[in-house]
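# Descriptive structure summary
What follows is the residue order along each chain.
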Amino acid sequence: MSNLSPSGPPMAASPLTVAVLEIDEYISGLGWDQPARLFALVDTARLRRQEPALATQLGLDGPEAPAAALTPIEQDELPPGTALDEFLATIAWPDAVAGCAMSVERLMLPPSAESSVPEGLNDAQLTKWVAKHPERQEVRMTVAVLRDGTRESAVRLRAKDTPSEVRTGAGLVPGLADALAATFES
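Residues numbered from 1 in each chain as written. Predicted model: local features only at pLDDT ≥ 70, side-chain atom pairs only at ≥ 80, totals over all residues. Heavy atoms only, no water.

Pairing of strand S1 (residues 37-43) with strand S3 (residues 97-108), which is carried by 6 bridges, proceeds in the antiparallel orientation. Bridging across to S3, Val 42 finds its partner in Val 97. Across 10 bridges, the pairing between S3 and strand S4 (residues 137-146) is antiparallel. Paired with Ser 103 across the two strands is Thr 142, which belongs to S4. (Pairing = 2+ DSSP bridges. Helix = DSSP H or I, 4+ residues; strand = E, 2+ residues; numbered from the N terminus.)

Before going further, it helps to spend a moment on the nonpolar core. Core analysis: the largest hydrophobic core is formed by 25 residues, its most contacted members being Leu 38, Leu 88, Trp 93, Met 102, Leu 176 and Leu 180. When contributions to this core are tallied by element, the ones reaching two or more residues are S1, helix H4 (84-88), S3, S4 and helix H7 (174-182). Setting aside chain neighbours within four positions, we find Leu 38 in contact with Ile 73, Glu 74, Gln 75, Leu 78, Phe 87, Leu 88, Ile 91, Trp 93, Ala 101, Met 102 and Leu 180. (Core = buried A, V, L, I, M, F, W, Y, C linked by side-chain atoms within 4.5 Å. Buried < 20%, exposed > 50% of the residue type's maximum accessible area, 1.4 Å probe, protein only. Contact = heavy atoms within 4.5 Å.)

Inspection of the entire model under this criterion finds 1 cavity of 30 Å³ or more. Empty space within the largest cavity amounts to approximately 30 Å³. Lining the largest cavity, in full, are Ile 27, Gln 34, Pro 35, Arg 37, Ser 103, Val 104, Glu 105 and Arg 140. The element contributing the most residues to the lining of the largest cavity is S3, with 3 residues. Its residues assigned to classes, the lining of the largest cavity comprises 3 nonpolar, 2 polar and 3 charged. (1 Å grid on protein atoms, 1.4 Å probe; cavity = no way out; pocket = protein on both sides within 12 Å on 5 of 7 lines; lining within 4 Å. Points joined across faces, edges and corners; volume = space filled by probe spheres on them. Nonpolar A, V, L, I, M, F, W, Y, C, P; charged D, E, K, R; others polar.)

With that out of the way, let us pick up the pattern of salt bridges. All chains considered together, the criterion is met by 8 salt bridges. Close ionic contact of Arg 151 with Asp 178 constitutes a salt bridge, the shortest N to O distance being 2.6 Å. Taken together, the residues span a long stretch of sequence, with Arg 151 in strand S5 (residues 151-157) and Asp 178 in helix H7 at a distance of 27 residues. Owing to a relative accessible area of 26%, Arg 151 belongs among the partly exposed residues under this scheme. For Asp 178, a relative accessible area of 43% translates into the label partly exposed. When the shortest N-O distance is used, the salt bridge between Arg 156 and Asp 161 registers 2.7 Å. Asp 161 gets classed as partly exposed once you look at its relative accessible area, which sits at 32%. (Salt bridge = Lys/Arg side-chain N within 4 Å of Asp/Glu carboxyl O.)

Turning our eyes to something else, we now look at the confidence of the model for the protein. In the predicted model, the protein carries a mean pLDDT of 83, and the fraction of residues at 70 or more is 88%. The model gives residues 1-8 a pLDDT under 50, and that stretch makes 12 contacts with residues more than four places away or in other chains. (pLDDT = per-residue confidence, 0-100.)

Printed below as a string of structure tokens:
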């Protein structure tokens, strides 16, 4: 059963779920083989009040404006060659940012293949081994966290690249969610 209705997220979806699915849809429109992308999540009503010019620039005012409670704002590209965890450790968000999200593509193995992973491989060797494995799957993971610790994720398989196949859940990508949550710790 799909988590999406034919016309978008379910009516009862949380603002964070709506934001994650909006980011997933945006990245999907760019195609696969994209770099990791980082987004600030801001309270839409607060943005309209405090930064009306920016709200206008983002298309968040007027009768056609989206009613989303959170607005994702893409940040600058990540520095090339920087490890994701090292990069995230350098981030400090201003108070106006309610949360953040990141979209990354990775190769994954199904649980049935995990028992065949050779022991003693370093990260580079493991990456090569997974890339050659016949059961590998390319996935795009979009993970978001709010300052209060609320989390949401969307996972899309390249082999099943349709909105109806996107899976959502708070605990789908716990490592990345933990790293994003750490960007709000002082």
